[in-house]
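Working through the structure, step by step
These are the residues of each chain, in order.
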Amino acid sequence: MLFKLKNEFDRKYKEILQINDDLSSPEYNKVYNEIFKINTKMMKQLIKLRKECHHMEPKI
């Protein structure tokens, strides 16, 4: 799931780089919002993975 989100993020990032001529365009805002949502999902996934890994560590 995380790799899928990362690939989607990269694709959207490349898309936004092509639009950078007009930062006030509706298209730019749309793609920027999509990137923000993907980033939020990635962070949630990373936090979830970190919690799972923390519970798997052996206690000494």
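Procedures and definitions
Residues numbered from 1 in each chain as written. Predicted model: local features only at pLDDT ≥ 70, side-chain atom pairs only at ≥ 80, totals over all residues. Heavy atoms only, no water. Salt bridge = Lys/Arg side-chain N within 4 Å of Asp/Glu carboxyl O. Helix = DSSP H or I, 4+ residues; strand = E, 2+ residues; numbered from the N terminus. Buried < 20%, exposed > 50% of the residue type's maximum accessible area, 1.4 Å probe, protein only.

1. A short note on the pattern of salt bridges
As enumerated under the stated definition, the model contains four salt bridges in all. Ionic pairing is found between Lys 12 and Glu 15, a salt bridge with its closest N-O pair at 3.9 Å. Taken together, the positions of Lys 12 and Glu 15, both in helix α1 (residues 2–19) and three residues apart, correspond to about one turn of that helix. Glu 15 sits in the partly exposed class, given a relative accessible area of 25%. For Lys 12, the salt bridge is made with Glu 34, and the minimal N-O distance between the two is 2.6 Å. Taken together, the residues Lys 12 in helix α1 and Glu 34 in helix α2 (residues 26–56) connect sequence positions 22 residues apart. Assessed through its relative accessible area of 22%, Glu 34 is described here as partly exposed. Each of the salt bridges in this network shares a partner with another, and the network as a whole consists of Lys 12, Glu 15, Lys 30 and Glu 34.

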